[in-house]
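Here are the chains, one letter per residue:
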Amino acid sequence: MPLGLLWLGLTLLGALHTQAQDSTQKLIPAPPLVRVPLQPDFQDDQFQGKWYVIGLAGNAVSKEEQGQFTMYTTTYELKEDHSYNVTSTLLSNGNCDYWIRTFVPSSQPGQFTLGSIKRHPGIQSYTVRVAATNYNQFAMVFFKKVSKNKEYFKTTLYGRTKELPPGLKENFIRFAKSLGLTDNHIIFPVPIDQCIDD
């Protein structure tokens, strides 16, 4: 029995050590925007509508989250000034949560910044860039956020439906790796029906 307790203690100590390392671990640096493709001749009216988040990769994303990370949707609603009202709908603790923000176009079509950034404490800058899309099936979108002097970046694979051909997922993995991410930073959320099919 004492040997079992010793092993349990060592295991817990190892887990705590790993957690401590993770919290102080350096983030993979965000690539310069010039290295992130931009959809040529971006059509803001065709991009609007509902997208399912099929894949997610980022420097603060970890493969261990894969099992508990459920699919969510992001809906882009085009306004007259060519900005988007953006609503993400996700299932959280059995409830439907809505995260609403505005993406304001920059001088380059397909690139946006976060509107009313002062309403988001701690965020110093936030850039959204549509890297690739065919509008009616998939999109790959890059996000970069500077918060409390730390650079976070992620890319999402959007689909107009919950399933995409394997080739598009492979392209997404290649794209994420081209940004300096590893397999451990790439997840594919579990498809669900609650909240996201309303």
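In the block above lies the structure referred to throughout.
The structure displayed is predicted, hence computed values, not measured ones. (Residues numbered from 1 in each chain as written. Predicted model: local features only at pLDDT ≥ 70, side-chain atom pairs only at ≥ 80, totals over all residues. Heavy atoms only, no water.)

1. Section: the overall build of the protein
Scanning the protein from N- to C-terminus turns up three helices and nine strands. N-terminal to C-terminal, the α/β element order of the protein is α-α-β-β-β-β-β-β-β-β-α-β. Burial status across the protein gives 38% buried among its 198 residues. With an accessible surface of roughly 11,300 Å², the protein has 56% of that area assigned to carbon and sulfur atoms. (Helix = DSSP H or I, 4+ residues; strand = E, 2+ residues; numbered from the N terminus. Buried < 20%, exposed > 50% of the residue type's maximum accessible area, 1.4 Å probe, protein only. Areas by Shrake-Rupley, 256 points an atom, 1.4 Å probe, with all protein chains shown as cover.)

2. Let's talk about the pattern of salt bridges
The full count for this structure, using the stated rule, is four salt bridges. For glutamate 151, the salt bridge identified is with lysine 144, shortest N-O distance 3.5 Å. Judged by its relative accessible area of 33%, glutamate 151 falls in the partly exposed class. Among the salt bridges present, the one from aspartate 197 reaches lysine 162, with a minimum N-O distance of 2.8 Å. Of the two residues, aspartate 197 is situated in the segment after β9 (186-187) and lysine 162 in the loop between β8 (150-159) and α3 (166-178); the sequence distance between them amounts to 35 residues. (Salt bridge = Lys/Arg side-chain N within 4 Å of Asp/Glu carboxyl O.)

3. Description of the pairing of strand β1 (residues 49-58)
The buried count for β1 comes to eight of 10 residues, which makes it a mostly enclosed element. Where β1 meets β8, six bridges bridge the pair, whose relative direction is antiparallel. What sits directly across from leucine 56, in β8, is threonine 156. Two elements, β1 and β9, share two bridges in a ladder whose sense is antiparallel. By the bridge assignment for β9, leucine 56 is matched with isoleucine 187. (Pairing = 2+ DSSP bridges.)

4. Some points on α3
When the terminal C-alpha atoms of α3 are compared, their 18 Å separation across 13 residues agrees well with the 18 Å that a helix rising 1.5 Å per residue should span. Among all positions in α3, only Leu168, Phe172, Phe175 and Ala176 are buried. Taken around the axis of α3, the buried residues stretch over an arc of 100 degrees, which confines them to a single face. Exposed positions of α3 whose direction lies more than 90 degrees from the buried face are Pro166 and Arg174. Those residues of α3 hidden inside the fold are in contact with β1, β6 (123-133), β7 (138-147), β8 and β9. (Expected span 1.5 Å × (residues − 1). Arc of directions from axis to C-beta. Contact = heavy atoms within 4.5 Å.)

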